[in-house]
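# Descriptive structure summary
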Amino acid sequence: MAEIRKAEIGDLERVEYICRMTADEESIKDEKAGRIVSLIYSTYYIEEETDNCFVLVDNGEVVGYIISSVNPLKLNKKYKEKYIKQIKKIDKKSALMARFVPVPYLLLRFKYPAHLHINLLPSYQSKGYGTLMINSLLDELKEKKVKAVMLLAAAENTGAIRFYERNGFKKFITAFGGVGMYKKIR
């Protein structure tokens, strides 16, 4: 039986791997594309805000994660200082597009001060682990007196959207091929 624990910096490699393996075919097949996806969607959280992250571990191996930021200003600053530079070394066009990733979190920080990303390897999906991971994060955020959390999902990812809705998230916007969802914590 898999268990949930707080993430540690030593989990970074597995978290990046899971991020790649659950993103898209290009991330799986192309090392550079996979590295860019990891730098955009997972690396920052484990390196900079580990205390807001949890991992799902089975037989000593990380098989899923839920990562969060509660400080959009720090995210934006560090992301530009460190992570955009790393992406630029791999692909300049991707670095240009990645500059826009923190923008929704900055714009919505007063209403939704935290955001999250969650991914589990396919063999661990639809077994209740995602809900347990969300609850672990929500408990942590509640303790930190965070009032709401948001996430962005691809509009075509209807399975994920249904999962979030079952866990109490509500849509607040659908635009540009994405869906913004939130959940009040307190």
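Just so it is clear, the structure is predicted and the values come from calculations on it, not from any experiment.

Rules used throughout
- Residues numbered from 1 in each chain as written.
- Predicted model: local features only at pLDDT ≥ 70, side-chain atom pairs only at ≥ 80, totals over all residues.
- Heavy atoms only, no water.
- Helix = DSSP H or I, 4+ residues; strand = E, 2+ residues; numbered from the N terminus.
- Rg over C-alpha atoms; globule rule 2.2 N^0.38 Å.
- Buried < 20%, exposed > 50% of the residue type's maximum accessible area, 1.4 Å probe, protein only.
- Contact = heavy atoms within 4.5 Å.
- Areas by Shrake-Rupley, 256 points an atom, 1.4 Å probe, with all protein chains shown as cover.
- Lys, Arg positive; Asp, Glu negative; His and termini not counted.
- Charge placed at Lys NZ, Arg CZ, Asp CG, Glu CD.
- Arc of directions from axis to C-beta.
- Pairing = 2+ DSSP bridges.
- Right-handed = clockwise from strand over helix to strand, strands pointing away.
- Expected span 1.5 Å × (residues − 1).
- Axes fitted to C-alpha atoms, helices over the stretch in contact; angles between N-to-C directions.

## Remarks on the overall build of the protein
- Looking only at helices and strands, the protein features nine helices and seven strands.
- At 15 Å, the protein has a C-alpha radius of gyration in line with the 16 Å of a compact globule built from 186 residues.
- In terms of overall dimensions, the protein has a C-alpha envelope of 40 × 40 × 30 Å along the principal axes.
- Looking at the 186 residues of the protein, the share that counts as buried comes to 48%.
- A fraction of 67% describes how many contacts in the protein between residues 6 or more apart in sequence connect residues 24 or more apart.
- When the accessible surface of the protein is split by element, carbon and sulfur atoms take 53% of a total near 10,000 Å².
- One finds the centroid of the 32 positive side-chain charges in the protein at a distance of 8 Å from the centroid of its 23 negative side-chain charges.

## What to know about helix α9 (residues 158-166)
- Every buried residue of α9 is accounted for by Ala160, Ile161, Phe163 and Tyr164. Taken down its axis, α9 places every buried residue within 160 degrees of arc, on the same side.
- Tucked into the core, α9 has its buried residues touching β4 (114-120), α8 (129-143), β5 (148-154), β6 (170-175) and β7 (178-184).
- Gly168, located one to two residues past α9, shows a positive phi value of around 90 degrees.

## Focus on the environment of Tyr112
- As for its placement among the helices and strands, Tyr112 is situated in the loop between α7 (103-107) and β4.
- Accessibility expressed as a relative area gives 6% for Tyr112, which makes it buried.
- Distance from Tyr112 to Glu48, taken between C-alpha atoms, is 20 Å for residues 64 residues apart in sequence.
- Once residues within four sequence positions are removed from consideration, Tyr112 is found in contact with Ala148, Met150, Phe172 and Tyr182.

## So, the pairing of β4
- The buried fraction of β4 amounts to six of the seven residues, a majority that puts the element mostly inside the structure.
- Summarising the sheet, strand β3 (residues 61-69) and β4 pair through six bridges and their orientation is antiparallel. Bridging across to β4, Ile66 finds its partner in Ile118.
- Direction of pairing for β4 relative to β5: parallel, over a ladder of two bridges. Across the sheet, His115 pairs through a bridge with Met150, a residue of β5.
- Where the polypeptide runs from β4 across α8 and back to β5, its parallel neighbour, the crossover connection is right-handed.

## Let's talk about α8
- Taking 1.5 Å of rise per residue, 15 residues should cover 21 Å, and α8 covers 21 Å from first to last C-alpha, within 8% of that figure.
- Listed as buried for α8 are Tyr129, Gly130, Met133, Ile134, Leu137, Leu138, Glu140 and Leu141.
- Lys145 sits one or two residues past α8 and shows a positive phi near 65 degrees.

## Brief notes about the sheet that holds β3
- Pairing in this open sheet of seven strands is mixed, and the strands run β1-β2-β3-β4-β5-β7-β6 from one edge to the other. Taken across any chain shown, the strands that pair with only one partner, and hence form the sheet edges, are β1 (3-6) and β6. Across the sheet, the mean angle from the axis of one strand to that of its neighbour is 25 degrees, orientation sign disregarded.
- Pairing analysis gives seven bridges linking β5 to β7, with the strands arranged antiparallel. Each bridged residue has a counterpart across the sheet, and for Ala154 the counterpart in β7 is Gly178.
- Relative to β3, helix α1 (residues 12-21) is tilted by about 85 degrees, and along the sheet it contacts β2 (54-58), β3 and β4.

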